[in-house]
Amino acid sequence: MYTCKAMMCEAEPANARAIAKVVAAAWQNDFVDLMTTEHMALFSRDWFEKRTLADIEHIDAAAWVMTLNDRIVAYVCTRQHGSSDTGELFGLYVHPQYQGQGIGRQLFCQATQ
């Protein structure tokens, strides 16, 4: 019998490449009709990896990933604005194969706690 083991954990710098794959796939799927091909080409997997690593390592950031069977399928990042009680949801991405299953909602709830 096949079972799917889902787990949410804090994102780590070592996760940046796997997260970048998720973010790039989500962008390509979700924004294909909103941007030109040339504009989409600017956002390579390497670009997303550098951006993700910077986000995870940012001093005011908190980031989580959702894994299914040890594969990262979703990512969320938030930032606190200094010592204030305000912040922002900096990014929430779910791989297209896993969208519509409540994974994004779970990450959103974690990020807004």
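Everything below is about the structure printed above this text.
Read on for a plain summary of the structure. Nothing here was measured: the structure is a model prediction, and the numbers come from that model. (Residues numbered from 1 in each chain as written. Predicted model: local features only at pLDDT ≥ 70, side-chain atom pairs only at ≥ 80, totals over all residues. Heavy atoms only, no water.)

## Brief notes about the side chain of arginine 79
Secondary-structure assignment places arginine 79 in strand 3 (residues 71-80). Judged by its relative accessible area of 16%, arginine 79 is buried. Among the polar contacts listed, one links the side chain of arginine 79 to the side chain of aspartate 55, at a separation of 3.2 Å. Apart from the residues lying within four places of it in its own chain, the contact partners of arginine 79 are Arg51, Asp55, His58, Asp60, Ala61, Gly87, Glu88 and Phe90. (Helix = DSSP H or I, 4+ residues; strand = E, 2+ residues; numbered from the N terminus. Buried < 20%, exposed > 50% of the residue type's maximum accessible area, 1.4 Å probe, protein only. Polar contact = N/O pair within 3.5 Å; in protein donor to acceptor, adjacent residues only side chain to side chain. Contact = heavy atoms within 4.5 Å.)

## A look at the packing of helix 1 (residues 16-30) against helix 3 (residues 45-57)
Each pair of packed helices can be described by the angle between their axes along with the distance between the axes. Contact geometry of helix 1 with helix 3 gives a least axis separation of 8 Å together with a crossing angle of 120 degrees. Overall, the two elements helix 1 and helix 3 adopt an arrangement that is oblique. Seen along the crossing, helix 1 lies across helix 3 with a hand that is right-handed. Seen from helix 1, the contacting residues are Ala16, Arg17, Ile19, Ala20, Lys21, Val23, Ala24 and Trp27; seen from helix 3, they are Arg45, Asp46, Phe48, Glu49, Thr52, Leu53 and Ile56. Among the residues forming the contact of helix 1 with helix 3, the class breakdown is nine nonpolar, one polar and five charged. (Axes fitted to C-alpha atoms, helices over the stretch in contact; angles between N-to-C directions. Parallel < 35°, antiparallel > 145°, perpendicular 65-115°, else oblique. Left-handed = near helix turned anticlockwise from the far one by under 90°. Nonpolar A, V, L, I, M, F, W, Y, C, P; charged D, E, K, R; others polar.)

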